[in-house]
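Each chain, written out:
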Amino acid sequence: MNEEKYRGVYFFAEQREGVIQNIAYELLGKARELADVLGEEVCAVLGGQNMEEGARELIAAGADRVLYMDCPELNEYLTEPYTQALTQVLNERKPSIVLIGATTIGRDLGPRVSARVYTGLTADCTALNISEDEEKNLMMTRPAFGGNLMATIVCKEHRPQMSTVRPGVMRQKTRDYDREGEIERVEIRFDASKFRVKLLENVKVEKAMVDISEANILVSGGRGVGNREGFDKLADFAHTINAEVSSSRAMVDAGYVGHERQVGQTGKTVRPDIYFAIGISGAIQHLAGMEESEYIIAINKDKYAPIFSVADLGLVGDLNKIVPILTRKLARK
């Protein structure tokens, strides 16, 4: 492998129904940082049709170039067409770094593309940095051993260096609509004989709850909540202040809350305006998923609990007494 041939930080700009997803702008923010350190170009790879406006948004958000795959085969996500398209782009352009969101689409696409371009893939990363040595490798950090350890992985022997990145971890950059960049249309040569799956119908199911990574206010319960009745109190409180309920891993493991509601290294990373940490001790695995919340309010009977080290406001006391009182008082407001 001749590393000199591989240049540029590429990211997959995921779109659904013609709308570029937030994860694309999060990846773009990190790609911009990495490229500035390396002195290289940031390039978005975008598929679909009638996506010109989305491509211009990517330029405004920090991309130097958008490789626009204007193909009807890429309007809806199907594994094989997207894998062929992205593989062709990477083989022809030879980027140094490729970032893909760890969404349902990215988790399906990333491993297949990495296998076809004969490189490694570090999945579900929570931090990305460039090494300070002469090699300037991508340092890809992810939770390991059930979130009890953070592993930093380097892909020294192969290019491109690929990773999927957990949504909600990276920050979007402020958009500058005076930025200039290039939108380049890329022609993809598909092998339709390998298309084994067809999309017959797109059925939407209404979500009963908001995704916790998109919520403005979160009421999160930990081991101290104790049981399902305790979470019922949290649900009443959350309903009163128009918030969503989430939890630490302990309550997910106990079966009181679904995994999609878990905050932490092995759950989701969140940045709400207000985060209520109720009955949560504040293990480092949980803090990694919520410590960048705008305002953190902790309720715990242990005044030495680590959660108070990151809280903006702390209440020491029995949550079973405090939460109902808060609910009643705020309901009057």
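Coordinates for the structure precede this section.
Residues numbered from 1 in each chain as written. Predicted model: local features only at pLDDT ≥ 70, side-chain atom pairs only at ≥ 80, totals over all residues. Heavy atoms only, no water.

S.K.: What should I look at first to understand the sheet that holds strand β10 (residues 149-153) in this one?
M.R.: Hydrogen bonds between backbone groups are what pair the strands of a sheet, and the pairing can be parallel or antiparallel. Here we have 3 strands laid out as an open sheet, ordered β8-β9-β10, and antiparallel in their pairing. Two strands in the sheet have a free side with no partner beyond their single neighbour: β8 (127-130) and β10. Ignoring strand direction, the axes of neighbouring strands in this sheet form an average angle of 25°. Its contacts with the sheet put helix α1 (residues 22-38) on β8 and β9 (138-144), and the angle it makes with β8 is roughly 15°. (Pairing = 2+ DSSP bridges. Helix = DSSP H or I, 4+ residues; strand = E, 2+ residues; numbered from the N terminus. Axes fitted to C-alpha atoms, helices over the stretch in contact; angles between N-to-C directions. Contact = heavy atoms within 4.5 Å.)

S.K.: Help me out: how do you make sense of the sheet that holds strand β14 (residues 244-247) in this one?
M.R.: Taken together, 5 strands build an open sheet; the order of strands is β14-β13-β15-β16-β17 and the sheet is parallel. Edge positions in the sheet fall to β14 and β17 (313-316), since each of these pairs with one other strand and no more. Neighbour to neighbour, the strand axes of the sheet diverge by 20° on average, direction disregarded. Where strand β16 (residues 295-300) and β17 come together, 4 bridges link them in parallel fashion. Note on β17: the bridge partner recorded for isoleucine 297 is leucine 313. Sitting on the sheet, helix α5 (residues 228-240) touches β13 (217-221), β14 and β15 (274-278), and the angle it makes with β14 is about 145°. In the packing of helix α8 (residues 319-332) onto the sheet, the strands contacted are β15, β16 and β17, and the crossing angle to β16 comes to about 130°.

S.K.: When you look at the pairing of β8 in this model, what are you seeing that I'm missing?
M.R.: Regular strands place their side chains on alternate faces of the sheet. Alternating positions in β8 separate cleanly, Leu128 and Ile130 being buried on one face and Ala127 and Asn129 remaining unburied on the opposite face. The pairing of β8 with β9 spans 4 bridges and is classified as antiparallel. Bridging across to β9, asparagine 129 finds its partner in methionine 139. (Buried < 20%, exposed > 50% of the residue type's maximum accessible area, 1.4 Å probe, protein only.)

S.K.: How should the packing of helix α3 (residues 79-93) against helix α4 (residues 104-116) be read in this particular structure?
M.R.: If you want to describe how two helices pack, look at the angle between their axes and the distance between the axes. As a packed pair, α3 and α4 sit with axes 9 Å apart at the nearest point and diverge in direction by 45°. Taken together, α3 and α4 sit at an angle that is classed as oblique. Judged by the twist between their axes, the crossing of α3 over α4 is right-handed. Contacts between α3 and α4 involve Thr79, Glu80, Tyr82, Thr83, Gln84, Leu86, Thr87 and Leu90 from the first element and Asp108, Leu109, Arg112, Val113 and Arg116 from the second. Split into classes, the residues belonging to the contact of α3 with α4 amount to 5 nonpolar, 4 polar and 4 charged. (Parallel < 35°, antiparallel > 145°, perpendicular 65-115°, else oblique. Left-handed = near helix turned anticlockwise from the far one by under 90°. Nonpolar A, V, L, I, M, F, W, Y, C, P; charged D, E, K, R; others polar.)

S.K.: I'm lost on a negative patch on the surface in this one. Help?
M.R.: A cluster of acidic residues, Glu132, Asp133, Glu134, Glu135 and Glu157, forms a negative patch at the surface. As for its position among the elements, glutamate 132 is in the loop between β8 and β9. (Patch = residues over 30% accessible without salt bridge, like charges linked within 9 Å, V, L, I, M, F, W, Y side chains within 5 Å. Areas by Shrake-Rupley, 256 points an atom, 1.4 Å probe, with all protein chains shown as cover. Salt bridge = Lys/Arg side-chain N within 4 Å of Asp/Glu carboxyl O. Lys, Arg positive; Asp, Glu negative; His and termini not counted. Charge placed at Lys NZ, Arg CZ, Asp CG, Glu CD.)

S.K.: Can you walk me through the pattern of salt bridges in this structure?
M.R.: Should the charged atoms of two oppositely charged side chains come close, the side chains can pair. Going through the model one piece at a time under the given rule, you end up with 25 salt bridges. For arginine 93, the salt bridge is made with glutamate 184, and the minimal N-O distance between the two is 2.7 Å. Of the two residues, arginine 93 sits in helix α3 while glutamate 184 sits in strand β12 (residues 182-185), which places them 91 residues apart along the sequence. You can call arginine 93 partly exposed: its relative accessible area is 27%. For aspartate 253, the salt bridge goes to arginine 249, with nearest N and O atoms at 3.3 Å. You can see aspartate 253 and its partner arginine 249 sitting in helix α6 (residues 249-253), 4 residues apart, about one turn around the helix. For aspartate 253, a relative accessible area of 55% corresponds to the exposed category.

S.K.: Which parts of the structure should I look at to understand the packing of aromatic side chains?
M.R.: Here a ring pair, both rings aromatic, is described through the centre-centre distance and the interplanar angle of the planes. Under the definition given, this model contains 4 aromatic pairs. An angle of 40° between the planes, with centres 5.2 Å apart, marks the rings of tyrosine 77 and tyrosine 82 as tilted. Through successive ring pairs, a cluster of aromatic residues spans Phe12, Tyr77 and Tyr82. Here the guanidinium or amino end of arginine 175 rests over the ring plane of tyrosine 25, the centre of that ring lying 3.9 Å away. (Phe/Tyr/Trp six-rings, centres within 6.5 Å; stacked < 30°, edge-to-face > 60°. Lys NZ or Arg CZ within 6 Å of the ring centre and 35° of its normal.)

S.K.: Quick question: what am I supposed to make of helix α2 (residues 52-60) here?
M.R.: Quick reminder: α-helices carry 3.6 residues per turn. Residues three or four places apart thus point the same way. Within α2, burial applies to Gly54, Ala55, Glu57, Leu58, Ile59 and Ala60. Looking at the buried positions of α2, the neighbouring elements they touch are β1 (9-13), β3 (19-20), α1, β4 (42-48), β5 (65-70) and β12. Backbone geometry just after α2 places glycine 62 at a positive phi near 130°.

S.K.: I tried to follow the nonpolar core on my own but got confused; where do I start?
M.R.: One recurring pattern in soluble globular proteins: nonpolar side chains tend to sit buried together. The biggest cluster of nonpolar side chains holds 35 residues, and the ones touching the most others in it are Phe11, Leu46, Leu58, Val66, Leu99 and Leu128. Elements that contribute at least two residues to this core include exactly β1, α1, β4, α2, β5, β6 (97-101), β8 and β9. The biggest single contributor to this core is α1, with 9 residues. Setting aside residues no more than four positions away along its own chain, leucine 99 makes contact with Tyr10, Phe11, Phe12, Leu27, Lys30, Ala31, Leu34, Leu128 and Ser163. (Core = buried A, V, L, I, M, F, W, Y, C linked by side-chain atoms within 4.5 Å.)

S.K.: Got a minute to help me understand the packing of α5 against α8 in this structure?
M.R.: At a closest axis distance of 9 Å, the pairing of α5 and α8 adopts a crossing angle of 25°. Here α5 lies roughly parallel to α8, going by the angle between them. Handedness of the α5/α8 crossing: left-handed. Here α5 contributes Lys233, Asp236, Phe237 and Thr240 to the contact with α8, which in turn contributes Asn320, Val323, Pro324, Leu326, Thr327, Leu330 and Ala331. In the contact of α5 with α8, the residues fall into 6 nonpolar, 3 polar and 2 charged.

Just geometry here; none of it tells us what the structure is for.
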